[in-house]
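If you want the building blocks of each chain, they are given just below.
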Amino acid sequence: MTDNESAVLLRHRSEGIAEVVLNRPDKRNAFDDVIIQQLISTLTEVNADESVKVVILRSEGKHFSAGADLGWMRRMAENTRQENLDDSRELARLMNVLNHLSKPVIGLVQGAAFGGAVGLAACCDIVIATEKSSFCLSEVKLGLIPAVISPYVVRAIGERQARRYFISAEVFTAKQAQEYGLVHIVCDDVEAMEARCNEMLQQLAMNGPEAMKAAKDLVFAVSHKPINDDVIDDTAHRIADIRVGEEGQEGLSAFLNKRKANWVPEEE
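Nothing here was measured: the structure is a model prediction, and the numbers come from that model.

Quick look at the nonpolar core now. Of all hydrophobic cores here, the largest spans 52 residues; its most connected members are L57, L94, L120, F135, V153 and L182. Per-element accounting of this core gives the leading share, seven residues, to helix α5 (residues 150-168). In this structure, F135 is in contact with V109, A113, F114, A129, E170, V171, F172, T173, A174, A177, L182 and V183, ignoring residues within four places of it in sequence.

With that settled, the discussion passes to helix α9 (residues 229-244). An ideal rise of 1.5 Å per residue puts 22 Å on 16 residues; α9 measures up with 23 Å between its terminal C-alpha atoms. Where α9 starts, the residue carrying a side-chain oxygen 3.2 Å from the main-chain nitrogen of D230 turns out to be N228.

Below, the discussion takes up the domain arrangement of the protein chain. We note that the domain assignment places domain 1 (8-204) and domain 2 (207-257) within the protein chain. The distance between the C-alpha centroids of domain 1 and domain 2 comes to 28 Å. In this assembly, 13 residues from domain 1 lie in contact with eight residues from domain 2. Counting the surface lost from both domain 1 and domain 2, the interface buries some 860 Å², and carbon and sulfur atoms represent 55% of this. Of all residues in domain 1, S102, R155 and L204 give up the largest surface area on contact with domain 2, accounting jointly for 44% of the area buried on that side. One can count one salt bridge joining domain 1 with domain 2. For K216, the salt bridge is made with D125, and the minimal N-O distance between the two is 2.8 Å. Summed over the shared surface of domain 1 and domain 2, the result is four residue pairs in polar contact (both at pLDDT 80 or more).

A few words now on the sheet that holds strand β7 (residues 134-136). The strand order across the open sheet formed by three strands is β5-β7-β8, and the pairing between neighbours is mixed. The sheet terminates laterally at β5 (112-114) and β8 (171-173), the two strands that pair on one side only. With direction set aside, neighbouring strand axes in the sheet form an average angle of 25 degrees. By the bridge criterion, three bridges tie β5 to β7 in an arrangement that is parallel. Opposite A112, over in β7, you have S134 as the bridge partner.

Analysis parameters
- Residues numbered from 1 in each chain as written.
- Predicted model: local features only at pLDDT ≥ 70, side-chain atom pairs only at ≥ 80, totals over all residues.
- Heavy atoms only, no water.
- Core = buried A, V, L, I, M, F, W, Y, C linked by side-chain atoms within 4.5 Å.
- Buried < 20%, exposed > 50% of the residue type's maximum accessible area, 1.4 Å probe, protein only.
- Helix = DSSP H or I, 4+ residues; strand = E, 2+ residues; numbered from the N terminus.
- Contact = heavy atoms within 4.5 Å.
- Expected span 1.5 Å × (residues − 1).
- Polar contact = N/O pair within 3.5 Å; in protein donor to acceptor, adjacent residues only side chain to side chain.
- Domains from an automatic or database assignment.
- Buried area = accessible area lost by both parts, 1.4 Å probe.
- Salt bridge = Lys/Arg side-chain N within 4 Å of Asp/Glu carboxyl O.
- Pairing = 2+ DSSP bridges.
- Axes fitted to C-alpha atoms, helices over the stretch in contact; angles between N-to-C directions.

Have a look at this one:
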């Protein structure tokens, strides 16, 4: 495939900003095993690129993603259990790679986000959607379950809502998704979503890149753990380490001397 034909594109939006783009609008950006591998490869590439500070996950066309591709589902239905297990582990690996990406990830959701696409959204750090966006955990309609995306979706929307929507396969709106915690910001339309994304990028540009990585890792370190001596000691070590680190020293110096830190972009 050429870049223009690829189902997953990597674009450099501006300095330090990479876009990972689902590029299958004619199929409502449904994904299969090949696209899953492309997403894993592209996300791994941007994670290793030190020049990339923020990643945007988005899609071309009217819809974020319809979830699993019909052709892929037909093939899976004909596969052995072991083949299905191997296949599912790759989707699980994609979710894990996205969820634990060391850079901040902004998800932009327009139109439908169904099935596995809800998992993709749940793995992003910040999700911006339009009012017309819709979400559905539709697997039970096919006699299936949202298995490998479930850890991320349950953490995003909570057990109570997960029990409802995993079982009912109801479509829920962007406003509901915001209420449940899956979406952070709802905009009037795609143009407003783009503008809000630009504002968020400006906000993130003010922050230390290494500090944002450490802050994201901190959430994973303390989430769902009892506040015991081990957790307390770990958090004390984390702040001590970052205070004496190069970026922490620069940030504190900038604050105390009332100047901009060296990672803050110059105003145009």
